[in-house]
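# Structural features, examined
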Amino acid sequence: MSTTLQAIRGMNDILPADAELWEQFEETIRDWLRAYGYRPIRMPLVEPTPLFARAIGEVTDIVEKEMYSFEDSLNGEKLTLRPEGTASCVRAVLQHNMLYDGPKRLWYMGPMFRHERPQKGRYRQFHQVGVEALGFTGPDIDAEQIAMCARLWDDLGLEGIRLEINSLGQSEERARHRADLIAYLEQHQDQLDAEAKRRLHSNPLRILDTKNPAMQAMVEAAPKLMDFLGDESLGHFNGVQQTLKDLAIPYRINPRLVRGLDYYNLTVFEWVSDELGAQGTVCAGGRYDGLVAQLGGKPAPACGFAMGIERLLALWQDQGYKHETLAPDAYFVHQGAAAGRFAFRAAEALRSAGFAIHLHCGGGSFKSQMKKADASGAPVALIVGDDEAAENAVTVKELRAEAEQQRIGFDQLADHLGDIIFSMEDDDGSL
Ligand code: ATP
Ligand code: MG
């Protein structure tokens, strides 16, 4: 006997009731991005492995241990399922020379793959909305991206998502901080865990991001990058903060916010909810002015962020959002060969007139078809037997209201159905 096949651990099916919620979320997302002038871009799910090693950094969680990489069986090329979108997006922008006529605002949405331990809010295939602005230098675009997020939480009716920001300065400033930080960490060797020891010289900044409680007090007292920032970096950071203040968007400066990817500089930010347990970050991003050049392009500044869709949707539902399953406008019930052919034609005509029609397929008794009509949520059953078919007419039965059923000629059917649905919408005040 064969066992039933299962999806890969950490990769989830999104069943219809949830997929409808996803669609409603995606509609909001599209409207929101359009309101800020962002245009869509779609990149492949698979990229050459070196793209991520080069963009994200060799000594990062993602590149060290989270990537799904494999060799192309035909030519041995090293390939990776994308763990994030920024590297692919920048690769596409360079490949198609998209910055030749000025800055670009781009967005994408889709699955990302990371080989992590699956748990609530952490999956191996998860989904992000990614937003990237390329070619903009000033703090205005950073601030606008943060303000965009605030508006989205509002559009979705989400509450309690707080904003943390920090500045990572420029590479020379980070180099000076790094030297001081390494010296400090070396003085506290005895308190470092194995991972921190390993990272001491390769990526000491990431040690500040440790989740190990035993190291908290020590990292708390470590030299702060903020104290190493020069006037320009501080000016940029102040510019971002000024706009946030102007727009009355509350924020907290978190000097330990460093982000898990190497390519960030200056502004970094995260939006965090306390209602999601350990996986509370729903959105993260910042400036990555070095990445375009790092991937071989003419240097261009950039700023972007990514949201975890699963985490946002979990929050949306936890905070009481209920999506509606859209019922069809009518369910078509029919019996007999001539009736079946007529129903098919009538259903197509109604769809051409803009109605959503669920045509019964698969036969069955009149009674069982009526049960299905009821279960479909449709307000109306359209019924055809041989009598109606002979007359080119349909019996219209309202399923959610007291009303005489009526026999309506094919030519009047669309108008009649429209009247019923319009008066219903009137009744619940939804129009
Ligand atoms: P974390 O610290 O939670 O691992 P990260 O810093 O690795 O997050 P980013 O690479 O910044 O995450 O990705 C942006 C967002 O994508 C995160 O804030 C989160 O909402 C979401 N995300 C990241 N990894 C996962 C995952 N494995 N499953 C679900 N969502 C994820
Ligand atoms: Mg991670």
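Read on for an overview of the structure. Each chain carries its own residue numbering, running from 1 in the written order of its sequence. Ligands are numbered from 1 and chains lettered from A, in the order in which they are written. The predicted nature of this model means local features are confined to residues of pLDDT at least 70 and side-chain atom pairs, given and counted, to a pLDDT of 80 or more, with totals for whole chains, interfaces and linings taken over all residues. The side-chain numbers reported here are obtained from all heavy atoms of the structure, hydrogens and water having been left aside.

Moving on, we come to the overall build of the protein. Across its full length, the protein holds 16 helices and 16 strands. A principal-axis box enclosing the C-alpha atoms of the protein has dimensions of 90 × 60 × 45 Å. Of all intrachain contacts in the protein linking residues separated by at least 6 positions in sequence, the fraction that spans at least 24 positions is 70%. Computed with the Shrake-Rupley method and a 1.4 Å probe, the accessible areas treat only the protein chains shown as cover for residues. For the protein, the accessible surface area stands at approximately 21,800 Å², while carbon and sulfur atoms represent 50% of it. Charged residues are defined here as Lys and Arg on the positive side and Asp and Glu on the negative side; His and the ends of the chain fall outside this count. Every charge is mapped onto a representative atom, which is NZ of Lys, CZ of Arg, CG of Asp or CD of Glu. Seen as two clouds, the 45 positive and the 64 negative side-chain charges of the protein have centres 6 Å apart. Helix and strand definitions here come from DSSP, where helices need a minimum of 4 consecutive H or I residues and strands a minimum of 2 consecutive E residues; each element is numbered from the N-terminal end. Any two residues having at least one pair of non-hydrogen atoms within 4.5 Å are treated as being in contact.

So, about the packing of aromatic side chains. Stacked, edge-to-face and tilted labels apply to pairs of Phe, Tyr and Trp rings (six-membered ring for Trp) whose centres lie within 6.5 Å, assigned for plane angles under 30 degrees, over 60, and everything in between, in that order. Taken as a whole and judged by the stated rule, the model has six aromatic pairs. Relative to Phe-410, the ring of Phe-342 lies with its centre 5.8 Å away and its plane at 55 degrees, an arrangement referred to as tilted. Of this pair, Phe-342 sits in helix H13 (residues 337-352) while Phe-410 sits in the loop between strand E16 (406-409) and helix H16 (413-427), and the two are 68 residues apart along the sequence. Feature note: the residues Phe-25, Trp-316 and Tyr-321 constitute an aromatic cluster, connected by ring pairs. As a reminder, the over-ring test applies to NZ of lysine and CZ of arginine, requiring each to be within 6 Å of the ring centre and within 35 degrees of the ring normal. Between Arg-345 and the ring centre of Phe-410, over which it is positioned, the NZ or CZ distance is 5.3 Å.

Turning next to the state of the cysteines. When two cysteine sulfur atoms are found within 2.5 Å, that pair is recorded as a disulfide. Evaluation of the coordinates by the stated rule reveals zero disulfides. Free of any disulfide, Cys-283 has its nearest neighbouring cysteine sulfur in Cys-149, separated by 3.8 Å. Since its relative accessible area comes to 1%, Cys-283 is described here as buried. A 1.4 Å probe rolled over the protein chains alone gives each residue an accessible area, and that area as a share of the maximum for its type sets the label: buried under 20%, exposed over 50%, partly exposed in between.

Before going further, it helps to spend a moment on the sheet that holds strand E3 (residues 68-71). Criterion used throughout: strands pair if DSSP finds at least two bridges between them. One open sheet holds the three strands; their spatial order is E2-E4-E3, and the pairing between them is antiparallel. Bordering the open sheet on either side are strand E2 (46-48) and E3, each of which pairs with just one other strand. On average, each strand axis in the sheet is tilted by 35 degrees relative to the strand beside it, whichever way the strands run. Pairing of E3 with strand E4 (residues 78-81), which is carried by four bridges, proceeds in the antiparallel orientation. Residue pairing in the sheet places Glu-71 in a bridge with Lys-78 of E4. Axis angles are defined between N-to-C directions and span 0 to 180 degrees, where every axis is a line fitted to C-alpha atoms and, for a helix, only to the segment in contact. Contacts from helix H2 (residues 49-56) reach E2, E3 and E4, with the element oriented near 75 degrees to E2.

This part takes up the site of ligand 1. If a single non-hydrogen atom of a residue is within 4 Å of a molecule or strand, that residue counts as near it. What surrounds ligand 1 is a group of 16 residues, the closest being Arg-114, Glu-116, Arg-122, Arg-259 and Thr-281. Pairs of N or O atoms within 3.5 Å make up the polar contacts considered here, provided that, within protein, one atom can donate a hydrogen while the other can accept it, and that residues adjacent in sequence are counted only when both atoms are side-chain atoms. The contact in question runs from an oxygen atom of ligand 1 to an N or O atom on the side chain of Arg-114, over 2.8 Å. Separating a nitrogen atom of ligand 1 from a backbone N or O atom of Tyr-123 is a distance of 2.9 Å. Burial of ligand 1 by the protein amounts to 88% of the accessible area it has alone, namely 590 Å². Contributing elements (two or more residues each) for the shell around ligand 1: strand E6 (125-134), strand E10 (281-287) and strand E11 (302-308). Think of it as three bins: nonpolar holds Ala, Val, Leu, Ile, Met, Phe, Trp, Tyr, Cys and Pro, charged holds Asp, Glu, Lys and Arg, and polar takes everything else, Gly as well. Of the residues in the shell around ligand 1, the class split is seven nonpolar, four polar and five charged.

Before going further, it helps to spend a moment on unusual backbone geometry. Not every positive phi belongs to a glycine, and Leu-266 is a case in point at roughly 45 degrees. Among the secondary structure elements, Leu-266 is positioned in strand E9 (residues 265-273). Residue classification places Leu-266 among the buried residues on the basis of a relative accessible area of 5%. Non-glycine residue Asn-392 carries a positive phi angle of around 60 degrees. Looking at where Asn-392 falls in the secondary structure, it is placed in the loop between helix H15 (386-391) and strand E15 (393-398).

This paragraph deals with empty space enclosed by the protein. Space inside and on the surface of the protein is sampled on a 1 Å grid over the protein atoms alone, with a cavity defined as a set of points where a 1.4 Å probe fits but cannot get out and a pocket as an open set with protein on both sides within 12 Å along at least 5 of 7 lines; lining residues have an atom within 4 Å of a point. Grid points are joined across faces, edges and corners, and a volume is the space filled by probe spheres set on the points. Applying the stated rule across the entire model yields two cavities of 30 Å³ or more. Estimates place the volume of the largest cavity at around 60 Å³. In terms of lining, the largest cavity is formed by His-177, Leu-208, Val-219, Glu-220, Ala-222, Pro-223, Lys-224, Leu-225, Pro-255 and Arg-256. In the lining of the largest cavity, the residues fall into six nonpolar, one polar and three charged. In this structure, the second largest cavity encloses a volume near 30 Å³. Residue lining of the second largest cavity: Asn-166, Leu-168, His-177, Leu-205, Leu-208, Leu-225, Pro-255, Leu-257 and Val-258, and that is the complete set. When grouped by side-chain class, the residues that make up the lining of the second largest cavity number seven nonpolar, two polar and no charged.

Moving on: helix H14 (residues 366-375). Considered for burial, the residues of H14 that qualify are Gln-369, Met-370 and Ala-373. Projection of H14 onto a plane perpendicular to its axis shows the buried side chains occupying an angular sector of 100 degrees, all on one side. Every exposed residue of H14 that faces more than 90 degrees away from the buried side is listed here: Lys-367, Lys-371 and Ala-375. Here the buried face of H14 lies against strand E12 (330-334), strand E14 (380-384) and E15. Once H14 finishes, Gly-377 follows within two positions and takes phi at roughly 85 degrees, a positive value. This arc describes the spread of directions from the helix axis toward the C-beta atoms.

Let's shift gears to the sheet that holds strand E13 (residues 357-359). With mixed pairing, the five strands of this open sheet are ordered in space as E13-E12-E14-E15-E16. The two strands at the open ends of the sheet, each matched to only one other strand, are E13 and E16. Averaged over all pairs of adjacent strands, the angle between their axes in this sheet comes to 30 degrees, without regard to strand direction. Bridge analysis of E12 against E14 gives five bridges, and the strand direction is parallel. Bridge assignment links Tyr-331 to a residue of E14, and that residue is Ala-381. Set on the sheet, H14 makes contact with E12, E14 and E15; between it and E12 the angle comes to about 175 degrees.

Nothing here speaks to function; it is geometry throughout.
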